[in-house]
Amino acid sequence: MKKLVIIAALLMAVAGVKAQDCEALVLPYFGNDATRMARYKAEAPHKFEWRCAVARFAFYESDTVPRGADVFQITEVKDKFTGKHLPANYQVDLTVLSYYAYNFVDFQLRYPHGDKTICFATLRSAHPYLVLRSIRDMHGMADEMTLKNGLN
């Protein structure tokens, strides 16, 4: 059953995030160093695509809080490079929101098993909740995508 849920989520995520630019999503992982990212992409393209898939599958928007998810305010999220918190009027745009640019992993690491879904209240966005998938789900979906695309 869980595998079916992951596959369904994977298909929905792929359909909804085609416009996301991998390089823009992954660049913060490399400390915004484009040269370092380009070298990594050239040397390990399959790993780069996996990191991109993780970033793409990290989020979705929702009108409701998923069962069992903990909710935080979007103002608790901090830019890793500037140290500034996101404003209360932050509007989600999944085409440019990078998992690697903010301290989202800090929220996930509060739950040592990697299986917790987390929501952020984004009352000014089209949907009131930004949902951060669990580490387990993000990685599982990225693994599934790379297997289907023969990138492993």
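Before reading on, note that the structure itself is shown above.
Every value quoted in this text rests on a predicted model; they were computed, and no experiment measured them. (Residues numbered from 1 in each chain as written. Predicted model: local features only at pLDDT ≥ 70, side-chain atom pairs only at ≥ 80, totals over all residues. Heavy atoms only, no water.)

**Q** Tell me about the environment of Asp63, and name the residues and values.
**A** With respect to the helices, strands and loops of the structure, Asp63 is situated in the loop between strand 1 (59-62) and strand 2 (70-73). Asp63 has contacts with Ala126, His127, Pro128 and Tyr129, leaving out every residue within four places of it along the chain. A polar contact is formed between the side chain of Asp63 and the side chain of His127, at a distance of 2.7 Å. (Helix = DSSP H or I, 4+ residues; strand = E, 2+ residues; numbered from the N terminus. Contact = heavy atoms within 4.5 Å. Polar contact = N/O pair within 3.5 Å; in protein donor to acceptor, adjacent residues only side chain to side chain.)

**Q** Which residues make up the packing of helix 4 (residues 45-57) against helix 6 (residues 135-148), and what values do they have?
**A** At a closest axis distance of 8 Å, the pairing of helix 4 and helix 6 adopts a crossing angle of 130 degrees. Considering the angle they form, helix 4 stands oblique to helix 6. Helix 4 and helix 6 meet at a crossing whose hand is right-handed. For the pair formed by helix 4 and helix 6, the contact residues are Glu49, Trp50, Ala53, Val54 and Phe57 on the first element and Met138, His139, Met141, Ala142, Asp143, Met145 and Thr146 on the second. Split into classes, the residues belonging to the contact of helix 4 with helix 6 amount to 8 nonpolar, 2 polar and 2 charged. (Axes fitted to C-alpha atoms, helices over the stretch in contact; angles between N-to-C directions. Parallel < 35°, antiparallel > 145°, perpendicular 65-115°, else oblique. Left-handed = near helix turned anticlockwise from the far one by under 90°. Nonpolar A, V, L, I, M, F, W, Y, C, P; charged D, E, K, R; others polar.)

**Q** Please provide a residue-by-residue account of the pairing of strand 4 (residues 129-132), values included.
**A** For strand 1 and strand 4, the ladder comprises 4 bridges, and the chain directions are antiparallel. Of the residues in strand 4, the one forming a bridge with Tyr60 is Val131. Pairing analysis gives 4 bridges linking strand 3 (residues 118-121) to strand 4, with the strands arranged antiparallel. Note on strand 4: the bridge partner recorded for Phe120 is Leu130. (Pairing = 2+ DSSP bridges.)

**Q** Give me the state of the cysteines: which residues, what numbers.
**A** Taken as a whole, this structure holds 1 disulfide when the rule is applied. Here Cys22 pairs with Cys52 through a disulfide, and the sulfurs are 1.8 Å apart. Disulfide Cys22-Cys52: the torsion about the S-S bond is -80 degrees, which places it as left-handed. Residue Cys22 is located in helix 2 (residues 22-26), and its partner Cys52 is located in helix 4; the two are separated by 30 residues in the primary sequence. Overall, the relative accessible area of 11% leaves Cys22 in the buried class. (Disulfide = S-S within 2.5 Å. Buried < 20%, exposed > 50% of the residue type's maximum accessible area, 1.4 Å probe, protein only.)

**Q** Can you lay out the sheet that holds strand 1 for me, pointing to particular residues and giving the numbers?
**A** Strand order in this open sheet of 4 strands is 1-4-3-2, and the pairing throughout is mixed. Because the sheet does not close on itself, it has two edges, and the strands there are strand 1 and strand 2. On average, each strand axis in the sheet is tilted by 30 degrees relative to the strand beside it, whichever way the strands run.

**Q** Outline helix 4, supporting the account with residue identities and numerical values.
**A** Compared with an ideal rise of 1.5 Å per residue, which puts 13 residues at 18 Å, helix 4 spans 18 Å between its outermost C-alpha atoms and is within 8% of the ideal. Looking only at helix 4, the buried set comprises Phe48, Trp50, Arg51, Cys52, Ala53, Val54, Ala55, Arg56 and Phe57. (Expected span 1.5 Å × (residues − 1).)

**Q** Can you explain the packing of aromatic side chains? Please cite residues and give values.
**A** Enumeration over the complete set of coordinates arrives at 11 aromatic pairs. Aromatic pair Tyr29 and Phe30: ring centres 5.0 Å apart, planes at 85 degrees, arrangement edge-to-face. Ring geometry for Phe72 and Phe107: centres 5.1 Å apart, planes at 65 degrees, overall edge-to-face. One end of the pair, Phe72, is in strand 2; the other, Phe107, is in helix 5 (residues 104-108), and 35 residues separate them in sequence. A single burial state applies to Phe72 and to Phe107, both of which are buried. Taken together through their ring pairs, the aromatic side chains of Tyr29, Phe30, Tyr40, Phe59, Phe72, Tyr99, Tyr100, Tyr102, Phe104, Phe107 and Phe120 make up a single cluster. (Phe/Tyr/Trp six-rings, centres within 6.5 Å; stacked < 30°, edge-to-face > 60°.)

In short, shape yes, function no, at least from these values alone.
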